[in-house]
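# Structural characterization, general
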Amino acid sequence: MSLVPEAPRPRVVMSPDGVPLATYDFGAPDAPAVLAVHGFASGAVLNWHASGWTRDLVRAGHRVIAFDQRGHGASGKPHDPHSYSMDLLVDDVTAVVDTYLLDDVTFLGYSLGARVGWHAAERMSDRVSRAVLGGIPDADPMRRVRVDQAWAYITDGTPVEDRVTNGYLTMAANVEGNDLRALVAMVEGMRDSVEPTPANAPAQPLLLAAGSEDGIKDSAVRLAATAPHATFVEIPGRNHFNAPTSRHFRQAAIAFLGERD
């Protein structure tokens, strides 16, 4: 028997360009809303529910609305690289917030979801009041992926020689339900997307976090220094892949959310 409570059935929200987005609603409808957005090759249930975030946030008096980003989970998985860009991912956030009629949300994001959150907070400053951004780099680490080798592997099984590319494909393939074609299309489509910089830093209160063993920690520290109201917290003993399951991370985030009360 699973120790993780069953997630609610997803509610579908349509993106502006017609991609269905699977959303999951936890907690009391009138509680302060947290919008939770997962990382690359993960999913809402895996990143936030199975790891204890939804349980602890609801216990702390919050409502959690999580969704599978396009290309992931139960959401639509286009195979066209043109279906993926930072602008489109932020548009997806806006569509979910609009559909749930939310005027004030806290953004919770990890890795890719944190990068989306940085731009969503900057562009939706009237509706995103604060944000928790974990594992956020100041550049797209997936730019190191050899897309040509990834497509060759998917198309005809050509062995992948590049170590980084092989690592991403192995990670993605190990998550049940992942569609490698959609994920490689995302990597290719986001190559020229805008990245977090001092010029587009959100003005809201931000909590940035990264594991002490995460290679992107220094870039997260730099980003925290560029934003006018940002704090950085180190997640002890964690790397990029296991930081979301850290109780220390959850407690720091919940304390940060409590400051608004």
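Here, the structure is the one placed above.
This section reports on the structure supplied with the text. (Residues numbered from 1 in each chain as written. Predicted model: local features only at pLDDT ≥ 70, side-chain atom pairs only at ≥ 80, totals over all residues. Heavy atoms only, no water.)

## Overview of the overall build of the chain
The number of helices and strands found in the chain is nine helices and eight strands. Relative to its length of 261 residues, the chain is compact, with a C-alpha radius of gyration of 17 Å against a globular reference of 18 Å. Judged by the C-alpha coordinates and their principal axes, the chain covers about 55 × 40 × 40 Å. Looking at the chain as a whole, 54% of its 261 residues qualify as buried. The contacts in the chain between residues at least 6 apart in sequence include a share of 73% that link residues at least 24 apart. In the form shown here, the chain has an accessible surface area of approximately 11400 Å², with 52% of it arising from carbon and sulfur atoms. The averaged location of the 32 negative side-chain charges in the chain is 4 Å from the averaged location of its 23 positive side-chain charges. (Helix = DSSP H or I, 4+ residues; strand = E, 2+ residues; numbered from the N terminus. Rg over C-alpha atoms; globule rule 2.2 N^0.38 Å. Buried < 20%, exposed > 50% of the residue type's maximum accessible area, 1.4 Å probe, protein only. Contact = heavy atoms within 4.5 Å. Areas by Shrake-Rupley, 256 points an atom, 1.4 Å probe, with all protein chains shown as cover. Lys, Arg positive; Asp, Glu negative; His and termini not counted. Charge placed at Lys NZ, Arg CZ, Asp CG, Glu CD.)

## Regarding the nonpolar core
Ranked by internal contacts, the top residues of the largest apolar core, which has 57 residues, are Leu-35, Val-93, Phe-107 and Trp-118. The biggest single contributor to this core is helix α3 (residues 86-99), with seven residues. Leave out the neighbours within four places in its chain, and Val-93 touches Leu-35, Phe-67, Phe-107, Val-116, Ala-120 and Met-124. Core analysis: the second largest hydrophobic core is formed by 23 residues, Trp-53, Val-64, Ala-209 and Ile-235 among them. (Core = buried A, V, L, I, M, F, W, Y, C linked by side-chain atoms within 4.5 Å.)

## Looking at helix α4 (residues 112-123)
In a regular helix each residue adds 1.5 Å, so 12 residues correspond to 16 Å; α4 covers 17 Å between its end C-alpha atoms and thus fits that length. The complete set of buried residues in α4 reads Leu-112, Gly-113, Ala-114, Arg-115, Val-116, Gly-117, Trp-118, His-119, Ala-120 and Ala-121. (Expected span 1.5 Å × (residues − 1).)

## Points about the pattern of salt bridges
Tallied over the entire structure, the rule returns 14 salt bridges. A salt bridge links Arg-115 to Asp-140; the shortest N-O distance between them is 3.4 Å. With Arg-115 in helix α4 and Asp-140 in the loop between β6 (128-134) and α5 (147-156), this pair connects stretches of sequence that are 25 residues apart. Residues Arg-115 and Asp-140 agree in their burial class; the two are buried. Of the charged contacts in the structure, one is a salt bridge between Glu-234 and Lys-217, with a shortest N-O distance of 3.0 Å. (Salt bridge = Lys/Arg side-chain N within 4 Å of Asp/Glu carboxyl O.)

## Observations regarding the environment of Pro-32
Here Pro-32 is to be found in the loop between β2 (20-26) and β3 (33-37). As a C-alpha pair, Pro-32 and Asp-218 span 186 residues in sequence and 32 Å in three-dimensional space. What Pro-32 contacts, discounting residues up to four positions off in sequence, is Gly-61, His-62 and Arg-63.

## Here we look at the side chain of Ser-212
For Ser-212, the location among the structural elements is in the loop between β7 (206-211) and α8 (217-226). Side-chain polar atoms of Ser-212 contact the side chain of Glu-213, separated by 2.9 Å. A polar side-chain atom of Ser-212 sits 2.7 Å from the main-chain amide nitrogen of Gly-237. Residues within four places of Ser-212 in sequence aside, it is in contact with Lys-217, Glu-234, Ile-235, Pro-236, Gly-237 and Arg-238. (Polar contact = N/O pair within 3.5 Å; in protein donor to acceptor, adjacent residues only side chain to side chain.)

## Digging into unusual backbone geometry
In the Ramachandran plot, Leu-101 falls in the positive-phi region, its phi being about 55° despite a non-glycine side chain. If you trace the backbone, Leu-101 turns up in the loop between α3 and β5 (105-110). Look at Leu-101 and you get exposed, because its relative accessible area is 70%. Notably, Ser-111 is not glycine yet its phi reads approximately 55°, a positive angle. You can see Ser-111 is positioned in the loop between β5 and α4. For Ser-111, a relative accessible area of 15% corresponds to the buried category.

## Examining α5
Here α5 has its buried residues at Val-147, Gln-149, Ala-150 and Ile-154. Down the axis, α5 shows its buried residues gathered within 165° of arc, on one side only. Pointing more than 90 degrees away from the buried face of α5 are the exposed residues Thr-155 and Asp-156. The secondary structure elements touched by the buried residues of α5 are α6 (163-173) and α7 (180-189). (Arc of directions from axis to C-beta.)

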